[in-house]
Amino acid sequence: MCILDPHCKYAPGANTLKPGRRFDRLSNGFWQKFPDLKSSYLQQGIEDCPQELQDELKGGSLFRFPLRHSHEMVKASQIVPLEPSGVKPSPLDAKKIQKLLDKWAPCMKQSMFFLNNVTEIKFFVIEEGSHQLDVIHHFSTTIEQDDRIQLNEFHRALTDFRLGSAPKTIMYSLCLCETQYQQVRTRLKGAGKLVMKEKWLIQQGIGDLQNQSQKWTFMKQMKPRHGIAAPLDATKTLDGQVYCFLPLPIMSHLPMHINGHFTLNTARRDLWRSTDPTRATPDDLKITWNNNLMHAIESSYHHFLINAPHRTCQLKSYNSYDQMRSDLATYYHLFPDLTSGKLEGIWLDLAKNIHKSLIQYNSHILAVTDHKMSDQLFLPDDDDDDGGGVADQQTTP
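Described below are features of the structure shown in this document. This structure is a prediction, so every number in the text was calculated from the model and none was measured.

Cut-offs and rules
- Residues numbered from 1 in each chain as written.
- Predicted model: local features only at pLDDT ≥ 70, side-chain atom pairs only at ≥ 80, totals over all residues.
- Heavy atoms only, no water.
- Salt bridge = Lys/Arg side-chain N within 4 Å of Asp/Glu carboxyl O.
- Helix = DSSP H or I, 4+ residues; strand = E, 2+ residues; numbered from the N terminus.
- Buried < 20%, exposed > 50% of the residue type's maximum accessible area, 1.4 Å probe, protein only.
- Pairing = 2+ DSSP bridges.
- 1 Å grid on protein atoms, 1.4 Å probe; cavity = no way out; pocket = protein on both sides within 12 Å on 5 of 7 lines; lining within 4 Å.
- Points joined across faces, edges and corners; volume = space filled by probe spheres on them.
- Nonpolar A, V, L, I, M, F, W, Y, C, P; charged D, E, K, R; others polar.
- Axes fitted to C-alpha atoms, helices over the stretch in contact; angles between N-to-C directions.
- Core = buried A, V, L, I, M, F, W, Y, C linked by side-chain atoms within 4.5 Å.
- Contact = heavy atoms within 4.5 Å.

Observations concerning the pattern of salt bridges
Once their charged atoms are close, side chains differing in charge can pair, the charge on each being opposite to the other.
Part 1 of the argument: Enumeration according to the criterion identifies six salt bridges in this entry.
Part 2 of the argument: Asp 24 is the partner of Arg 22 in a salt bridge, and the nearest nitrogen-oxygen pair spans 3.1 Å.
Part 3 of the argument: For Asp 147, the salt bridge goes to Arg 311, with nearest N and O atoms at 3.1 Å. Taken together, the positions of Asp 147 in helix 5 (residues 145-160) and Arg 311 in helix 7 (residues 309-312) put the pair 164 residues apart, joining distant regions of the chain.
Part 4 of the argument: Judged by its relative accessible area of 32%, Arg 311 falls in the partly exposed class.
Part 5 of the argument: Taken together, the salt bridges that share partners define one network made up of Lys 109, Glu 178 and Glu 198.

Next comes the structure, spelled out in structure tokens:
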């Protein structure tokens, strides 16, 4: 247990150099020595709580924050900062915390795309005047078994990635589930809840597929990881966000989320930028890393668009023309829209480079089918005899 004590008056032995205390062996008489802490850290059981929920609470990390819930406590606090007007902020009572939690929870849902081990997030409350623990938000991700196997293999490849290792990418479908609870008292009984599911197409990779000789040794303890998360629903409007494993307050405005192991500024809220572009500094390595990683993301995006039809479309017979059009709309919605007017800066450059790359490599991205919809092909934008002959014989949807 770690206790942070900026006042240096509550944790035994705390001082200004070490304002806190760490206790290691909690099972060695700690709770007997400090019995008043047991209820604060859920160590004495919760009434009417199912056993499986009790078991869940034994793992993970628990944080307890000393919230100032009265004006007197806020006024006396030495660590609550003043507002710009020069006065102390209003107290944080349970209702305000609940509003913050409800606002924060959906953000956690969007944080689950590129995490290695976190597959479920739950938010609980203990109602005032009750010892009952209730779930108020529940998010989870599920992956098919075959995709799970290749994802585990990819994680092992990340561990073994070294200089000279070949780039690697994997693509898999992910189901993101959100359970919304309507009434507090019926939550644990399974009533009063609504389960919503979203299907996403995820690609994760490491290295640069179009520049396999790229050196990645100049940033220690960093690996050129990148990823893409795209919704498998053409009706879902997505304003793409930038991730460094977790979401950053940066919008790319691409039709998908982009993840990268970027070098960030000290606030971890933006990509690293040069403080003095007119002269070389050691920090230029960070800029070079980000530039090289952006090229790797471009290569990954190109690879994603080439392989996405295998996940978004039926490559054999369709029974419904409308279904075929819907699937193709989902696929073509993944392409960056240069006419939207939203793209700018490095993300506009990335979108342009992706389109140039598709043309340069004559990529198979144009869907054609015969009048019976018995077979679907994705052809390159090619004017040679073979390509033209196929296009003449078939009808573009």
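Right, picking up where we left off after that structure.
With respect to the pairing of strand 4 (residues 133-142)
Part 1 of the argument: Of all 10 residues that make up strand 4, nine are buried, and the element is covered over most of its length.
Part 2 of the argument: Two strands pair when backbone bridges link them, and strand 4 and strand 5 (residues 168-181) are joined in this way by six bridges, in the antiparallel orientation. Within strand 5, the position partnered with Thr 142 by the bridge is Cys 175.

Section: the layout of surface pockets
Part 1 of the argument: As a volume, the second largest pocket reaches approximately 1000 Å³.
Part 2 of the argument: Taken together, 30 residues make up the lining of the second largest pocket; nearest its centre are Ile 3, Leu 4, Tyr 10, Arg 64 and Pro 66.
Part 3 of the argument: Contributing elements (two or more residues each) for the lining of the second largest pocket: strand 1 (2-4) and helix 3 (71-76).
Part 4 of the argument: A per-element tally of the lining of the second largest pocket places strand 1 first, with three residues.
Part 5 of the argument: A class-by-class count of the residues in the lining of the second largest pocket yields 21 nonpolar, four polar and five charged.

Remarks on the sheet that holds strand 6 (residues 193-206)
Part 1 of the argument: Here eight strands make up an open sheet; going across it, the order is 3-4-5-6-7-10-8-9 and the pairing mixed. Taken across any chain shown, the strands that pair with only one partner, and hence form the sheet edges, are strand 3 (120-126) and strand 9 (246-251). The average undirected angle you get between the axes of adjacent strands in this sheet is 25°.
Part 2 of the argument: When strand 8 (residues 241-244) meets strand 10 (residues 257-260), the two strands line up parallel, connected through two bridges. Residue Tyr 243 lies in a different strand from strand 10, and its bridge partner there is Asn 259.

A few points about the nonpolar core
Part 1 of the argument: Ranked by internal contacts, the top residues of the largest apolar core, which has 42 residues, are Phe 262, Phe 304, Leu 305, Tyr 331 and Trp 347.
Part 2 of the argument: Among the secondary structure elements, those contributing two or more residues to this core are strand 7 (225-231), strand 8, strand 9, helix 6 (284-307), helix 8 (321-332) and helix 9 (345-360).
Part 3 of the argument: The element contributing the most residues to this core is helix 6, with eight residues.
Part 4 of the argument: If near-sequence neighbours (up to four positions away) are discounted, Phe 304 is found in contact with Met 171, Leu 201, Gln 203, Ile 228, Ala 230, Met 256 and Leu 334.
Part 5 of the argument: Residues Met 108, Phe 114, Phe 139 and Leu 176 belong to the second largest nonpolar core, which totals 26 residues.

Quick look at empty space enclosed by the protein
Part 1 of the argument: Applying the stated criterion across every chain yields a total of one cavity of 30 Å³ or more.
Part 2 of the argument: Size it by volume and the largest cavity reaches roughly 80 Å³.
Part 3 of the argument: If you trace the largest cavity, you find 13 residues lining it, with Leu 115, Thr 141, Ile 143, Arg 148 and Leu 151 closest to the centre.
Part 4 of the argument: At the level of secondary structure, the elements contributing two or more residues to the lining of the largest cavity comprise helix 5 and strand 5.
Part 5 of the argument: Looking at the lining of the largest cavity residue by residue, the classes come out as eight nonpolar, four polar and one charged.

Quick look at the environment of Asn 362
Part 1 of the argument: You can see Asn 362 is positioned in the loop between helix 9 and strand 11 (366-369).
Part 2 of the argument: C-alpha separation for the pair Asn 362 and Pro 380, spaced 18 residues apart in sequence, amounts to 5.3 Å.

So far we have only geometry, and geometry alone does not tell us how the molecule works.
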